[in-house]
Amino acid sequence: MDAEAEAAKEKEKEMREWCVALPKVELHAHLNGSVRDSTLLELAKQLSDKGLIVFEDVKGVIMKNGRSLQECFRLFELYHILTTDHDTVARITKEVVEDFAAENVVYLEIRTTPKNNEAKGMTKRSYMNAVIKGLKTVEAVEVMLFDSNLRTDKTLTSTPMSELGGDTRKKKIYVRLLLSIDRRETTLAALDTVNLAMELKDQGVIGIDLSGNPVVGEWETYLPALEHAKELGIPITIHCGEVANRKEIQAVLDFCPQRLGHVCCLNDDEWKKLKSSMIPVEICLTSNVMTGGAPSLELHHFADLYNAKHPVSLCTDDSGLFSTSLSNEYYLVASTFGLGKAELFQLAQDAVEFVFAGDEVKKSLREVFKRAEKELKT
Ligand SMILES: CNc1ncnc2c1ncn2[C@@H]1O[C@H](COP(=O)(O)O)[C@@H](O)[C@H]1O
Ligand SMILES: [Zn+2]
């Protein structure tokens, strides 16, 4: 390798490490899309030992690189076969939190679809109990799940950055849950999910998401549930424009949720409407490029929104499925759009304002960033 290539490699390494050290806020992460490959393979092996699947076939699918949008939803079918029993749901939740905390995510909203599965004796409520149990078993890091943590925790605002960033002592991470309505669900099932979110609001659940295969289902089916959530004052985020469904994109923009995911296939009028709405957008670069929502990283609509000073927050969507991490998404923004460290820091910090958690949490997170600014060289 010549000296120039060597220097470029060194520079990339330094920037990647800086992106890991940067405190980050993750607002769009699906639980089952964020499972480690090693865990999926282990679960597949167990089912194969019981003769329920053929390990080699499943391994090929899990490790495959191609991830078209429709392939993703076929993969989720497989993931759900592997993960949907109470103990495994608790396990993957624990691991997902640990993985995000390990790369200095200081606030994490995990979204997941509560599932009924009669064969496993699972109801939407028992599925969520397993998720919450998983959060409580995290050991590698201190999970701040309740607002009451803030009253008992006097140390967070005075915790040195070194503790939040990869030191031997326990790091802290705020975790909140969003309940996803899957586009395959009926109106009644969607309403059940909203009611469950309300029941679990003292257990870390703070919002509702609409997701699932964008070529399936009708907006009118979920609307009563989304309106019910709005009436109850539950914050809502909606997957918008993963495919060019004009009628639905219009309806979503008119609905005015608190946040939007993706916004890939908007036409000029919808784009204008989005920008004047100032609704924060969860940007998922790798996911959009892999699934064809954006033609390439270079041509991703992040640049347009960022330059227009539209509120945006970088997110992973499905870090397991797309083999990415939030630090990698920040690195991609630096390497693709030329943002420097000061701009990346600002981008990470701005996301604090779009979290669904309350003012006390925001205040603590602002403190985290204030301290980090002094310690992280920008
Ligand atoms: C790639 N872009 C995407 N677009 C739409 N929905 C997506 C998604 N990625 C994930 N999901 C939604 O999240 C579920 C998996 O996590 P949970 O079982 O809920 O934890 C998927 O089944 C799908 O409904
Ligand atoms: Zn998503």
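In what follows, the structure referred to is the one given above.
Residues numbered from 1 in each chain as written. Chains lettered and ligands numbered in written order. Predicted model: local features only at pLDDT ≥ 70, side-chain atom pairs only at ≥ 80, totals over all residues. Heavy atoms only, no water.

1. Brief notes about the overall build of the protein
Part 1 of the reasoning: What the protein contains, in helices and strands, is 17 helices and nine strands.
Part 2 of the reasoning: Since a compact globule built from 378 residues should have a radius of gyration of about 21 Å, the 20 Å found for the protein is in line with a globular shape.
Part 3 of the reasoning: Along the longest, intermediate and shortest principal axes, the C-alpha atoms of the protein span 55 × 50 × 50 Å.
Part 4 of the reasoning: The buried share of the protein, reckoned over its 378 residues, is 55%.
Part 5 of the reasoning: In the protein, 73% of the contacts between residues at least 6 apart in sequence involve partners at least 24 apart.
Part 6 of the reasoning: Of the roughly 16300 Å² of accessible surface on the protein, 52% is carried by carbon and sulfur atoms.
Part 7 of the reasoning: Computed over 47 positive and 59 negative side-chain charges, the separation of the two mean positions in the protein equals 3 Å. (Helix = DSSP H or I, 4+ residues; strand = E, 2+ residues; numbered from the N terminus. Rg over C-alpha atoms; globule rule 2.2 N^0.38 Å. Buried < 20%, exposed > 50% of the residue type's maximum accessible area, 1.4 Å probe, protein only. Contact = heavy atoms within 4.5 Å. Areas by Shrake-Rupley, 256 points an atom, 1.4 Å probe, with all protein chains shown as cover. Lys, Arg positive; Asp, Glu negative; His and termini not counted. Charge placed at Lys NZ, Arg CZ, Asp CG, Glu CD.)

2. Some remarks on the site of ligand 1
Part 1 of the reasoning: The local shell around ligand 1 holds 17 residues, among which His80, Thr112, Thr113, Lys115 and Asp318 are the closest.
Part 2 of the reasoning: Between ligand 1 and Gly212, the relevant distance is 2.9 Å, taken from a nitrogen atom to a main-chain nitrogen or oxygen of the residue.
Part 3 of the reasoning: Within the side chain of Glu242, an N or O atom sits 2.9 Å from a nitrogen atom of ligand 1.
Part 4 of the reasoning: Burial of ligand 1 by the protein chains amounts to 99% of its free accessible area of 510 Å².
Part 5 of the reasoning: Placement of ligand 1 is best described as lying within the largest pocket.
Part 6 of the reasoning: Ranked by residue count, the leading element in the shell around ligand 1 is helix H4 (residues 69-83), at three residues.
Part 7 of the reasoning: Among the residues forming the shell around ligand 1, the class breakdown is four nonpolar, eight polar and five charged. (Near = heavy atom within 4 Å. Polar contact = N/O pair within 3.5 Å; in protein donor to acceptor, adjacent residues only side chain to side chain. 1 Å grid on protein atoms, 1.4 Å probe; cavity = no way out; pocket = protein on both sides within 12 Å on 5 of 7 lines; lining within 4 Å. Sits in = over half its atoms within 2 Å of the grid points. Nonpolar A, V, L, I, M, F, W, Y, C, P; charged D, E, K, R; others polar.)

3. Focus on the packing of aromatic side chains
Part 1 of the reasoning: Within the structure shown, the criterion is met by six aromatic pairs.
Part 2 of the reasoning: Between Trp219 and Phe255, the aromatic rings sit 5.9 Å apart at their centres with planes inclined by 80°, giving edge-to-face as the arrangement. Of this pair, Trp219 sits in helix H10 (residues 219-232) while Phe255 sits in helix H11 (residues 246-255), placing them 36 residues apart in sequence. One exposure class covers both Trp219 and Phe255, and it is buried.
Part 3 of the reasoning: Judged by centre distance (5.3 Å) and plane angle (25°), the rings of Phe302 and Tyr306 are stacked. Of this pair, Phe302 and Tyr306 both sit in helix H14 (residues 302-307), four residues apart, roughly one helical turn. (Phe/Tyr/Trp six-rings, centres within 6.5 Å; stacked < 30°, edge-to-face > 60°.)

4. Notes on the coordination of the zinc ion (ligand 2)
Part 1 of the reasoning: At 2.1 to 2.2 Å from the zinc ion (ligand 2) lie its protein donor atoms, namely His28 (NE2), His30 (NE2), His239 (NE2) and Asp317 (OD).
Part 2 of the reasoning: Because the angles between the four donor atoms bound to the zinc ion (ligand 2) fall within 83 to 169°, the donor set is best described as irregular.
Part 3 of the reasoning: One chain supplies every donor for the zinc ion (ligand 2), spaced along it as H-x1-H-x208-H-x77-D. Linking His239 in strand E6 (residues 236-240) with Asp317 in the loop between strand E9 (312-314) and helix H15 (326-337), this pair joins segments that are 78 residues apart in sequence.
Part 4 of the reasoning: We classify Asp317 as buried; its relative accessible area is 3%. (Donors = N, O, S within 2.8 Å, 3.2 Å for Na, K, Ca; no water. Tetrahedral: all angles 85-135°; square planar, octahedral: opposite > 155°, others 65-115°.)

5. Section: the packing of helix H9 (residues 187-199) against H10
Part 1 of the reasoning: Running from amino to carboxyl end, H9 crosses H10 at an angle of 20°, the nearest separation of the two axes being 7 Å. Considered as vectors, H9 and H10 are oriented roughly parallel to each other. Between H9 and H10 the crossing geometry is right-handed. Contacts between H9 and H10 involve Thr187, Ala190, Leu191, Val194, Asn195 and Met198 from the former and Thr221, Pro224, Ala225, His228, Ala229 and Leu232 from the latter.
Part 2 of the reasoning: Partitioning the contact of H9 with H10 into residue classes produces eight nonpolar, four polar and no charged. (Axes fitted to C-alpha atoms, helices over the stretch in contact; angles between N-to-C directions. Parallel < 35°, antiparallel > 145°, perpendicular 65-115°, else oblique. Left-handed = near helix turned anticlockwise from the far one by under 90°.)

6. Here's the deal with empty space enclosed by the protein
Part 1 of the reasoning: Within the structure shown, the criterion is met by one cavity of 30 Å³ or more.
Part 2 of the reasoning: Counted as a void, the largest cavity has a volume near 110 Å³.
Part 3 of the reasoning: As for the largest cavity, its lining consists of 14 residues, and the residues nearest its centre are Arg183, Pro214, His239, Gly241 and Glu248.
Part 4 of the reasoning: Looking at the lining of the largest cavity, the elements that each hand over two or more residues are strand E5 (205-211), E6 and H11.
Part 5 of the reasoning: The dominant element in the lining of the largest cavity, judged by the number of residues it contributes, is H11, at three residues.
Part 6 of the reasoning: When the residues that make up the lining of the largest cavity are grouped by side-chain class, the tally is six nonpolar, five polar and three charged. (Points joined across faces, edges and corners; volume = space filled by probe spheres on them.)

7. Side note on the layout of surface pockets
Part 1 of the reasoning: The computed volume of the largest pocket comes to approximately 630 Å³.
Part 2 of the reasoning: Lining of the largest pocket is provided by 37 residues; of these, Phe76, His80, Thr113, Asp182 and Arg184 occupy positions nearest its centre.
Part 3 of the reasoning: Sorting the residues of the lining of the largest pocket by element identifies H4, strand E2 (105-112), strand E4 (171-182) and helix H13 (285-291) as the ones contributing at least two each.
Part 4 of the reasoning: Here the lining of the largest pocket takes seven residues from H4, the largest share from any one element.
Part 5 of the reasoning: A breakdown of the residues in the lining of the largest pocket according to their chemical character gives 11 nonpolar, 15 polar and 11 charged.

8. Observations concerning the nonpolar core
Part 1 of the reasoning: Of all hydrophobic cores here, the largest spans 118 residues; its most connected members are Val97, Tyr107, Ile208 and Leu226.
Part 2 of the reasoning: Considering each element in turn, this core owes the most residues, eight residues, to H4.
Part 3 of the reasoning: Every residue in contact with Ile208, bar those within four places of it in the chain, is listed here: Leu179, Ile181, Thr193, Val194, Ala197, Leu226, Ala229, Ile234, Pro235, Ile236 and Thr237. (Core = buried A, V, L, I, M, F, W, Y, C linked by side-chain atoms within 4.5 Å.)

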